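If you want the building blocks of each chain, they are given just below.
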Amino acid sequence: MSDQTKKWWTKYAWQARRWQMGFSAKEFRRQTIDLLFPPRCPITDEPVSRQGTFAPEVWQNVRQMAPPWCEKCGMPFAYEVQAASQCVVCASPDDYPENLTAPGRLDLIRSALIYDEASAPAILRLKYADRFDGVAAFSHIMAGAGRDILTLPHTVLLPVPLHHQRLRARRYNQAGLLAEGVSKVTGVSVNHQLLKRVRPTPSQKGGDRKQRMKNVKGAFEVQKGQDLSAQNFVLVDDVLTTGATLLACAAALRQAGAHHVHAILLSRVVKSVENPLS
């Protein structure tokens, strides 16, 4: 028997043995990780069957965004509406500051969850407590919520960047983790370098819209020498409150020549459900 034949038979025998044992190399790694780090629900912290999954009762409390919603910003309606309906805010004049989808701002916005007392613990753990085990589940529901955006041609995911000082202190960017997760689910590419936060900004927590807009004005820049005109850029972040950060990112992209800027969020603060305007 030649050396090549022996090599082939050795490889075949191992694959056959692995098949007989009933698991692949990937499954073996998963089981090893589960043994070393028993999977727990990212929200309730109770044991679950697989890493990155939620306890069954979580889905009874966490509210997912779902149609019917505003065709522009994705704000949910409380009742059935006609196709291609817009909420009052998106149908308001272009100079209305709360209109996130006015010309020159964001084209489309989609969010996966409503940010409330049920979803907040897992999101805050991801953001501040190194709990990455929810990213897989979050990525799937974000991909589902943003399906109409993510299937557009020439789409690129852009995580909302942290300033290098905050990134060094936190060691990771939760928006980057979510973008990578959505990319893994959908196959849409991620660009971590195109958009930069060029100056540190104070925490947006607790500030009103005017203060938040002031905090992030001019805080973002686009890598020079890039042709952005033919691509659909999708900003990715964890929470949408007033939208000040997203608008600042969109402004930098528009100024650099981008024609299409969208956003997909893990969650969104929903104060009220607006009436639709057809």
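I will try to describe carefully the structure that is included in this document.

Scoring rules and cut-offs
- Residues numbered from 1 in each chain as written.
- Predicted model: local features only at pLDDT ≥ 70, side-chain atom pairs only at ≥ 80, totals over all residues.
- Heavy atoms only, no water.
- Buried < 20%, exposed > 50% of the residue type's maximum accessible area, 1.4 Å probe, protein only.
- Helix = DSSP H or I, 4+ residues; strand = E, 2+ residues; numbered from the N terminus.
- Arc of directions from axis to C-beta.
- Contact = heavy atoms within 4.5 Å.
- Expected span 1.5 Å × (residues − 1).
- Axes fitted to C-alpha atoms, helices over the stretch in contact; angles between N-to-C directions.
- Left-handed = near helix turned anticlockwise from the far one by under 90°.
- Pairing = 2+ DSSP bridges.
- Right-handed = clockwise from strand over helix to strand, strands pointing away.
- Phe/Tyr/Trp six-rings, centres within 6.5 Å; stacked < 30°, edge-to-face > 60°.
- Core = buried A, V, L, I, M, F, W, Y, C linked by side-chain atoms within 4.5 Å.

1. What to know about helix H9 (residues 209-216)
Taken residue by residue, H9 has Arg212, Asn215 and Val216 as its buried positions. Along H9, the residues classed as buried sweep out an arc of 80° about the axis, all on the same side. Seen from the open side of H9, the exposed residues pointing more than 90 degrees away from its buried face are Lys210 and Lys214. As for H9, its buried residues are in contact with strand E6 (220-222) and helix H10 (244-255). In the segment just after H9, Gly218 is the residue with positive phi, at about 70°.

2. Focus: H10
Between the first and last C-alpha of H10 there are 16 Å, a value that for 12 residues agrees with the 16 Å anticipated at 1.5 Å per step. All buried positions along H10 are accounted for by Ala244, Thr245, Leu246, Leu247, Ala248, Cys249, Ala250, Ala252, Leu253 and Arg254. Those residues of H10 that are buried are in contact with strand E3 (155-159), strand E5 (195-197), H9, E6, strand E7 (232-240) and strand E8 (260-268). Taken from the residues just after H10, Gly257 is the one with a positive phi, measuring 110°.

3. Focus on the packing of helix H5 (residues 135-145) against helix H8 (residues 174-186)
Contact pair H5 / H8: the axes reach a minimum separation of 8 Å and the direction vectors enclose 65°. Seen along the crossing, H5 lies across H8 with a hand that is right-handed. Along the contact surface, H5 presents Val135, Phe138, Ser139, His140, Met142 and Ala143, while H8 presents Leu177, Leu178, Gly181, Val182, Val185 and Thr186.

4. A few points about the environment of Leu152
Note on placement: Leu152 falls in the loop between helix H6 (147-150) and E3. Assessed through its relative accessible area of 29%, Leu152 is described here as partly exposed. For the pair formed by Leu152 and Val188, sequence separation is 36 residues and the distance between their alpha carbons is 10.0 Å.

5. Some thoughts on the pairing of E7
Among the nine residues of E7, eight are classified as buried, and the element is accordingly described as predominantly covered. With five bridges connecting them, E3 and E7 associate as parallel partners. Among the inter-strand pairings, Leu157 is bridged to a residue of E7, identified as Val234. Relative to E8, E7 runs parallel, the two sharing eight bridges. By the bridge assignment, Val234 is partnered in E8 with His262. At this point the chain moves from E7, through H10, to the parallel E8, and the crossover so formed is right-handed.

6. So, the packing of aromatic side chains
Across all of its chains, the model carries two aromatic pairs by this definition. Ring geometry for Phe132 against Tyr172: centres 4.7 Å apart, planes inclined by 80°, an arrangement best described as edge-to-face. Note that Phe132 is positioned in the loop between helix H4 (120-128) and H5 and Tyr172 in the loop between helix H7 (164-170) and H8, a separation of 40 residues in sequence. The partly exposed category is assigned to Phe132, whose relative accessible area is 38%.

7. Focus: the sheet that holds E7
Taken together, the five strands give an open sheet; going across it, the order is E2-E8-E7-E3-E4, and neighbouring strands pair in parallel fashion. Looking at the sheet topology across the chains shown, the edges are occupied by strand E2 (109-114) and strand E4 (189-190). Strands in contact with H8 are E3, E4, E7 and E8; relative to E7, the strand with the most contacts, it is inclined by about 125°.

8. Quick word on the nonpolar core
Within the largest apolar cluster, 35 residues are counted, with the highest numbers of intra-cluster contacts made by Leu106, Leu195, Phe220, Phe233, Leu235, Leu246 and Leu253. Taken together, the elements giving at least two residues each to this core come down to E3, E6, E7, H10 and E8. No other element matches H10, which puts eight residues into this core. When sequence neighbours within four positions are dropped, the list of residues in contact with Leu106 reads Leu100, Thr101, Leu235, Leu246, Leu247, Ala250, Arg254, Val261, His262 and Ala263. Counting 32 residues, the second-largest nonpolar core is a separate cluster that includes Val58, Ala143, Val234 and Leu266.

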